[in-house]
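Structure at a glance
Listed below are the residues making up each chain.
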Amino acid sequence: MSGDKLDKLLKTWAANRAPGEAHLDRLAAGIVEEGSRRSATPLCRDEAPSARTSMRGKLIYATLGAATALAIVVAVSAFFPAQVEICTGMPAEAVPAISPSEVEAGARLFREVSQVFGDSLRWMTDTENKVRLGVDSDFVAHDVNAPRLLIRVVVVGRNNGESQWRTLMKTDVLTYDQEWVEAIPDPKSPDPKSPDRLILWGNILPDGNVAVDSSLRLSVPIRMQVDVTNVFTPGQPAEVFSIETADAQYRVFQAVTPLQQNRETPCTEI
Amino acid sequence: MSDSPQCEDYLIAALAGSVEVPVDDALVRRHVGDIRAMIYPMVLNDADADDLTQEVLLRVVRGIDRFRGEAQFSTWLYRITLNTVRNFLSRQNRRQVASDEALDDRADRRADLPEELAMAGELDGAIASALQSLSPTLRAAIVLTTLQGLGVREAARIEECSTATMYWRVHKARKLLERDLARHLK
């Protein structure tokens with residue numbers, strides 16, 4: 001893997017650039033001399049014992065301080081309960097759940113397209129059935145066996161006074177674990193100079209959850225800039241951002257799920 | 001970096017006032033190599049690395065009474081080192097490439113053949129240039145994880161950022177380095 005090669009290259013370089021023992025000895029001696037020259041204060045000040053702040057005293061003050069801080073936090077929380085968005089309370093159309101059939105279809109699509117583009121394929125986006133590919137042939141070989149992800153980003157909105165939420169943008173991103181995705185989210189805007197951007201980076205964590213760093217730059221349907229980092233339970237959508245204007249409300253949801261990498265669909269005996 | 005019980009107990013005893021610890025050779029010598037190894041990839045200049053190593057160690061010794069003990073000593077040491085380097089880089093605000101100066105004892109380890117020397121020099125320069133092109137934040141992420149061998153969680157603790165953010169920094173830095181060093185990675 002190129003990652004291992006990079007590690008080896010960097011470590012070898014660092015080892016070769018490291019000075020020898022003789023130089024380190026000279027450096028250490030110089031530091032000691034400089035410290036003495038600056039009359040470095042001994043760690044133990046030459047004061048009467050009563051004037052010193054003992055470690056035990058410091059710990060007592062630290063504990064009291066922490067307890068006070070905790071009390072303040074608890075009091076504030078009682079007046080301002082944490083706002084926890086629970087997706088089950090949202091309108092159904094606003095929740096971008098990823099169905100098992102969509103997971104299977106996404107896995108198959110990514111597998112088939114990657115067979116065409118090989119290790120040049122970095123990501124795919126599907127925005128309102130308009131597909132864009134992220135292909136970069138200049139990069140070193142990518143690990144095509146890396147886990148794959150489906151990341152869904154949905155922007156919903158409604159005008160003030162309306163009860164129905166409307167889906168304003170829905171984009172599915174198919175990519176590898178720990179792959180940098182930079183795509184133009186508006187399917188009607190093929191201009192690569194468009195400032196609109198959807199930048200994502202997903203990372204499957206050791207506990208099975210998925211961390212996603214997102215940077216959303218939109219000019220339509222609303223001008224917004226969102227930079228968020230969240231940890232998702234696979235398959236469970238969550239609201240990552242909301243904004244209210246004078247006329248309307250908007251919410252951004254995300255969901256992420258790993259994709260199967262099996263080449264063949266297991267046969268089910270009937 | 002060393003977290004040996006002997007070193008920590010010695011310093012903690014100093015905090016308690018029961019031991020007087022001057023800036024002595026043994027204390028400095030214990031950490032000078034590790035600290036310099038961490039600083040050099042950040043500043044990519046031998047003279048600056050030496051100066052900053054001195055600055056860090058003097059700061060550590062002078063500031064040991066502010067070590068609150070709630071983190072590992074090594075974490076505290078890493079933070080001081082990175083903060084000192086960042087202050088230096090922001091003061092400098094100029095691009096440096098690794099100098100070609102050869103330290104006396106390092107030259108002894110170089111390859112004998114001229115061709116290998118030339119290739120090694122070109123590769124050294126390419127790596128230094130690639131590291132230089134990273135922002136200090138991304139460079140620190142690579143130094144902590146790839147070169148210092150720390151886990152992402154510990155690196156995140158040192159840099160006081162989320163684990164996810166540190167994963168992103170490492171990922172981004174590695175991608176940029178792979179791009180810049182593609183020829184040497186084949």
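Residues numbered from 1 in each chain as written. Chains lettered and ligands numbered in written order. Predicted model: local features only at pLDDT ≥ 70, side-chain atom pairs only at ≥ 80, totals over all residues. Heavy atoms only, no water.

1. Quick notes on the overall build of chain B
Note the cut-off: Counting from the N terminus, the helices are DSSP H or I runs at least four residues long and the strands are E runs at least two residues long. Buried residues are those whose accessible area, probed at 1.4 Å on protein chains only, stays under 20% of the maximum for their type, while exposed residues exceed 50% and partly exposed ones sit between those limits. The criterion used for residue contact is that any of the two residues' heavy atoms lie within 4.5 Å. For the accessible areas, the method is Shrake-Rupley and the probe is 1.4 Å, while residue cover comes only from the protein chains on display.
For chain B, the count of helices and strands is 10 helices and zero strands. Secondary structure elements of chain B occur, N-terminal to C-terminal, as α-α-α-α-α-α-α-α-α-α. Counting across all 186 residues of chain B, residues that qualify as buried make up 51%. Put simply, of all contacts in chain B between residues at least 6 apart along the chain, 70% involve residues at least 24 apart. Of the accessible surface of chain B, which amounts to about 8600 Å², a share of 48% is contributed by carbon and sulfur atoms.

2. Remarks on the packing of aromatic side chains
Where two aromatic rings form a pair, the distance of their centres and the angle of their planes describe that pair. The criterion, for reference: Any Phe, Tyr or Trp ring, taking Trp's six-membered ring, that has another such ring centre within 6.5 Å forms a pair; planes under 30 degrees apart are called stacked, those over 60 apart edge-to-face, and the others tilted.
On inspection of all chains with the given rule, the structure shows two aromatic pairs over all chains. Ring centres of Trp13(A) and Tyr40(B) lie 5.8 Å apart, and the angle between their planes is 35 degrees; this geometry places the pair in the tilted category. Of this pair, Trp13(A) sits in helix 1 (residues 2-17) while Tyr40(B) sits in helix 2 (residues 25-43), on two different chains. By relative accessible area, Trp13(A) is classed as buried at 2%. A relative accessible area of 3% means that Tyr40(B) is categorised as buried.

3. Examining the confidence of the model for chain A
Residues and elements named next belong to chain A. Rules: pLDDT gives the predictor's per-residue confidence on a scale running from 0 to 100.
The share of residues in chain A with pLDDT of 70 or more is 67%, and the mean pLDDT across the chain is 72. Counting contacts from residues 39-89, a segment whose pLDDT is below 50, to residues more than four positions away or on other chains yields 29 contacts. Note on residues 263-270: pLDDT under 50 across the span, and three contacts to partners over four residues away in sequence or across chains.

4. Digging into the sheet that holds strand 5 (residues 180-183) of chain A
The criterion, for reference: By the convention used here, strands pair only if DSSP detects at least 2 bridges between them. Every axis corresponds to a line fitted to the C-alpha atoms, with the helix fit spanning only the stretch in contact, and the corresponding angles, defined between N-to-C directions, vary from 0 to 180 degrees.
Sheet architecture is open: four strands sit in the order 5-6-7-8 (chain A), paired in antiparallel fashion. Each edge of the open sheet is held by one strand with a lone partner, namely strand 5 and strand 8 (224-232) of chain A. Strand-to-strand twist of the sheet, defined as the mean angle between neighbouring strand axes without regard to direction, takes the value 10 degrees. With eight bridges connecting them, strand 6 (residues 197-204) of chain A and strand 7 (residues 210-218) of chain A associate as antiparallel partners. Bridging across to strand 7 of chain A, Asn203(A) finds its partner in Ala211(A). The sheet contacts of helix 9 (residues 163-180) of chain B involve strand 5, strand 6, strand 7 and strand 8 of chain A, and relative to strand 6 of chain A the element is tilted by about 105 degrees.

5. With respect to a nonpolar patch on the surface
This is how the line gets drawn: Residues enter patches when they are more than 30% accessible in relative terms and free of salt bridges; like-charged ones are connected within 9 Å and nonpolar ones (Val, Leu, Ile, Met, Phe, Trp, Tyr) within 5 Å. Note on definitions: salt bridges are taken to be side-chain nitrogens of Lys or Arg within 4 Å of carboxyl oxygens of Asp or Glu.
Together, Val116(A), Phe117(A), Val131(A), Leu133(A) and Val135(A) make up a nonpolar patch on the protein surface, roughly 410 Å² of accessible area in all. When contributions to the nonpolar patch are tallied by element, the ones reaching two or more residues are helix 4 (100-117) and strand 2 (130-135) of chain A.

6. Topic: helix 2 of chain B
Residues and elements named next belong to chain B. Short version of the rule: A helix's residues, less one, multiplied by 1.5 Å, set its expected span. One axis fitted to the seven residues ending at a residue, another fitted to the seven starting there: the angle between these axes is the bend at that residue.
Here helix 2 is 19 residues long and its end C-alpha atoms lie 25 Å apart, about the 27 Å a rise of 1.5 Å per residue gives. The largest bend in helix 2 is about 40 degrees, located at valine 32. Residues of helix 2 that are buried: Leu27, Val28, His31, Val32, Ile35, Arg36, Met38, Ile39, Tyr40, Pro41, Met42 and Val43. Two residues or fewer past helix 2, leucine 44 is found with a positive phi of approximately 60 degrees.

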